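# Survey of secondary and tertiary structure
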Amino acid sequence: DFAAVFASRRFFFSSPGLSNSISKSHRPNESVDGGVVAVKKYSPDPYSDFKKSMEEMIESRRIVDAHGNWDYLHELLSCYLAMNPKHTHGYIVSAFADIVVRLLRSMQWASMMLRRSST
């Protein structure tokens with residue numbers, strides 16, 4: 001009886017990853033260089049999700065100076081672009097640009113406040 005076979009899941013192979021290939025399996029949460037874990041997910045608002053994720057990475061490093069940490073920021077952008085499909089790159093670049101602009105503005109504000117307090 002087909003219903004019994006289907007219910008028992010006999011003869012149906014479940015792949016642990018995104019591929020049904022026997023020779024190659026992709027896990028949705030693969031560890032990549034540096035112990036970072038890439039998580040595949042669907043997002044109704046990819047811009048906001050990428051921005052939030054990047055902000056968390058930047059905050060965890062306590063980065064407030066875009067100029068002094070440009071190498072890290074560039075590496076962060078490169079990783080996001082490398083780990084995500086091409087159709088998401090516009091969201092990633094937009095989120096990154098907005099974060100960098102915010103960091104630069106906050107640096108300018110802090111500098112202005114320091115100048116005011118010293119006069």
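Since the structure is predicted, the reported quantities are computational estimates derived from the model, not experimental observations.

Counted at 1.5 Å a residue, the expected span for helix α3 (residues 70–83) with its 14 residues is 20 Å, and the 20 Å between its end C-alpha atoms agrees. Taken together, the buried positions of α3 are Y72, L73, L76, L77 and Y80. The buried residues of α3 occupy an angular sector of 135 degrees when projected down its axis, which confines them to one face. Among the exposed residues of α3, those pointing more than 90 degrees away from its buried face are D71 and A82.

Take the environment of Y72 next. Its location among the elements puts Y72 in helix α3. Each residue touching Y72, except ones within four places of it in the same chain, is listed here: M57, R61 and I63.

Let us look at the nonpolar core. Judged by nonpolar contacts, the single largest core of 16 residues is most densely connected at M54 and L73. For this core, the elements supplying multiple residues, two or more each, are α2 (46–60), α3 and α4 (89–118). In terms of residues, this core owes the most to one element, α4, which gives 6 residues. Beyond its immediate stretch of four places on either side in the chain, L73 contacts I58, A66, F96 and L103.

With that out of the way, let us pick up the pattern of salt bridges. Counted according to the given criterion, the structure contains 2 salt bridges. Two residues, E55 and K51, come together in a salt bridge whose shortest N-O distance is 3.6 Å. Residue E55 and its partner K51 are both found in helix α2; the two are separated by 4 residues, about one turn of the helix. Looking at E55, the relative accessible area reads 18%, which means it is buried. K51 gets classed as partly exposed once you look at its relative accessible area, which sits at 23%.

Conventions we followed
- Residues numbered from 1 in each chain as written.
- Predicted model: local features only at pLDDT ≥ 70, side-chain atom pairs only at ≥ 80, totals over all residues.
- Heavy atoms only, no water.
- Helix = DSSP H or I, 4+ residues; strand = E, 2+ residues; numbered from the N terminus.
- Expected span 1.5 Å × (residues − 1).
- Buried < 20%, exposed > 50% of the residue type's maximum accessible area, 1.4 Å probe, protein only.
- Arc of directions from axis to C-beta.
- Contact = heavy atoms within 4.5 Å.
- Core = buried A, V, L, I, M, F, W, Y, C linked by side-chain atoms within 4.5 Å.
- Salt bridge = Lys/Arg side-chain N within 4 Å of Asp/Glu carboxyl O.

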